[in-house]
Structures are given as C-alpha cells and as structure tokens.
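These are the residues of each chain, in order.
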Amino acid sequence: MFDKIRIVLIATSHPGNIGAAARAMKNMCLSRLYLVEPKCFPHADASSRASGASDVLDQAIVCSSLDEALQDCSLVVGASARSRSLEWPLLNARDSAEKLYQHARQGEDVAILFGRERSGLTNLELDKCQIHVHIDANEQYSSLNIAAAVQVLTYEIHQACLAQQSPIEEAGGRGGVSHQVMEDFYAHLDQLLQDIDFIDERGSEKLFRRLRRLFNRAELGNDEVNMLRGIFSAAQGRKSMRRQEGRIEK
Ligand code: SAH
C-alpha cells in the first residue's frame, strides 16, 4: 500500500530540505519520492540531512514536468500553506491522509504535491489536484518548513494505516458481542458485586447504569468478556474459600 503513495516536491531550492523530506518519508514507511526540477540535486546537503534514508534519495525520480511525476495517479492532493481553496475541496491533514490511504489500499496510485519554499504551488499546479490539504496551524504563521509538512502528512497516512490494522480488534475488542452475552456478563458482575459485599442483594440501579455505560464505551469483544468473567469467577472463588475457612463472616 505504501508503494502506491508518491511524495512530489516541486522546484525545491534547498537540497537539505529534500534530504529531510526523504527522512520524514522513511520514518513513516514511504519511499517513492519524485522531484520536479529540483534546483540542486543530487547534493551533499541532501544526503547528510537524509541520514539513514539515503535509499529513498537514491531511488528518487527526477522529472522535468509535473505531469511526468503525476503519471498514472488517480488522486492528487496539493499541500498548501494557505487555506485559499474555494473551488476545490479543502481537507485537513487527517481527512486527506485517510482518503489517500483508502485509494492506495485499493491499488490506485496517489500523490501529494508540495510547493516551493518561497512561493508554494502555483494556481496551475493546484488545478491539477482534486483535493487541497491545509495543515491547521497558527493562523498568523501557518507556513511550515516543507519537510515538516511532509512529516505531518506522512505521519497521518501511517496513522490511517495503523487504525485500519486495528490492534484493538486483534486483541478481541471493538464490540461484536451479542446482547445475550453482555446481559450474562452484567448478571455475573452483579453477582460478584454482591458476593464481595460491594452492593447488597437489592443491587444498585444507579451504579449499574454507570457500569453499563463504562463497558459500552469500552466496546468489549468476546475474548475480553470471557477474560473479565474469568477474573470475576476467580474473585468469587477466593471469597467463598475464605468464607469456608472462616476467615470472614457473612
Ligand atoms: N511561502 C509559501 C509556503 C511554502 S512552504 C506559501 O505561502 O505558499 C513549502 C510547501 O510546504 C508548501 O508549498 C506546501 O506544499 C507545504 N506546506 C507548508 N505549510 C503547510 C501547511 N500549513 N499546510 C499544508 N502544506 C504546507
């Protein structure tokens, strides 16, 4: 999926910024760097700022036109330091990353375009983008260093990917538990709370409503329900053992 995403830098003046952008990309698992008419590249400053991401620089494709860099891309997102987009949808970093990620996941080639350090992207270049992205920042000082802008957007793409893999789901969470299983879970919890004398037999409606709200928020999975019920049973077992040993009175 990451191989489907291109980072395109237009007419970058400082080779150090190219190196820093390459590093930012590699940190977030991206490697396809396109340079449209860079002022000086290759350059020692680019290599030194890339640090361990020299492979990204070595594979960078230098193009003589933007169209060449965007060839075969079905979605192009233009990063603009100014929120001046009127005719095009303007998204924030997170939403645009989510969109790029979804297209890339379906096997489409996508690109994010970054402009010149001094003057950004021209209107003609912005015209080639279906979506504009503005990284929300200080309204009085919203222009990030280009490599910092690359970092923010690539970070969000990486986040979109992690969210999709959803480690919570893998751990058995995010709901999907039937109504009956949850009702049995609450009945067990109710019994436990009585057994450990946390509530009396009449229970506590208000406490229980709060507990239901808490567990609803957690969106438990079946494995998690079983794990918690195992803990409840263990606590009940200890309590009855101590009772039998006469260490506590009931
Ligand atoms: N002075 C230029 C900004 C250049 S910064 C201007 O006012 O347009 C270089 C590039 O970094 C920009 O062209 C853009 O692609 C990206 N960038 C910088 N800040 C950004 C922000 N807040 N949101 C989105 N992209 C940004």
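Small disclaimer: the values here were computed from a predicted structure and weren't measured. (Residues numbered from 1 in each chain as written. Predicted model: local features only at pLDDT ≥ 70, side-chain atom pairs only at ≥ 80, totals over all residues. Heavy atoms only, no water.)

Take the sheet that holds strand β2 (residues 32-36) next. The strands that make up a sheet pair up through hydrogen bonds in the backbone, lying either parallel or antiparallel. Reading across from one edge, β3-β2-β1-β6-β4-β7-β5 is the order of the 7 strands in this open sheet, with parallel pairing throughout. What marks the edges here is a single partner per strand, and that holds for β3 (61-63) and β5 (90-91). Pairing of strand β4 (residues 73-79) with strand β6 (residues 109-114), which is carried by 5 bridges, proceeds in the parallel orientation. The residue of β6 that forms the bridge with V76 is A111. The strands touched by helix α1 (residues 15-27) within the sheet are β1 (5-10) and β2, with β2 carrying the most contacts at an inclination of about 160 degrees. (Pairing = 2+ DSSP bridges. Helix = DSSP H or I, 4+ residues; strand = E, 2+ residues; numbered from the N terminus. Contact = heavy atoms within 4.5 Å. Axes fitted to C-alpha atoms, helices over the stretch in contact; angles between N-to-C directions.)

Applying the stated rule across the entire model yields 4 aromatic pairs. Aromatic pair F185 and Y186: ring centres 5.4 Å apart, planes at 70 degrees, arrangement edge-to-face. A residue is classified by how much of its surface remains accessible, and F185, at 0% relative accessible area, is buried. Summarising the aromatic geometry, the rings of F185 and F232 are spaced 5.5 Å apart at their centres and angled 35 degrees between planes, so their arrangement reads as tilted. Taken together, the residues F185 in helix α9 (residues 179-195) and F232 in helix α11 (residues 222-244) connect sequence positions 47 residues apart. Connected via pairs of aromatic rings, a cluster forms that spans F185, Y186, F215 and F232. (Phe/Tyr/Trp six-rings, centres within 6.5 Å; stacked < 30°, edge-to-face > 60°. Buried < 20%, exposed > 50% of the residue type's maximum accessible area, 1.4 Å probe, protein only.)

Counting 41 residues, the largest nonpolar core has I7, L9, L33 and F114 as the members making the most contacts within it. Here this core takes 8 residues from helix α7 (residues 146-165), the largest share from any one element. Look past the residues within four positions of L9 in its chain and what remains in contact with it is I18, A21, L33, Y34, L35, V36, F114, I146 and V150. Residues V36, L70, C73 and L126 belong to the second largest nonpolar core, which totals 16 residues. (Core = buried A, V, L, I, M, F, W, Y, C linked by side-chain atoms within 4.5 Å.)

On to the side chain of E125. Considering the arrangement of structural elements, one finds E125 in helix α6 (residues 123-127). Non-local contacts of E125, meaning those with residues more than four positions away in its chain, are made with I10, L66, L113, R116 and G120.

Its domain assignment divides the chain into domain 1 (2-163) and domain 2 (179-249). Summarising the inter-unit geometry, the C-alpha centres of domain 1 and domain 2 are found 52 Å apart. (Domains from an automatic or database assignment.)

A separate point is the side chain of T154. Secondary-structure assignment places T154 in helix α7. The exposure class assigned to T154 is buried, which follows from its relative accessible area of 0%. Within the structure, the side chain of T154 is placed 2.8 Å from the backbone oxygen of V150, a separation counted as a polar contact. (Polar contact = N/O pair within 3.5 Å; in protein donor to acceptor, adjacent residues only side chain to side chain.)

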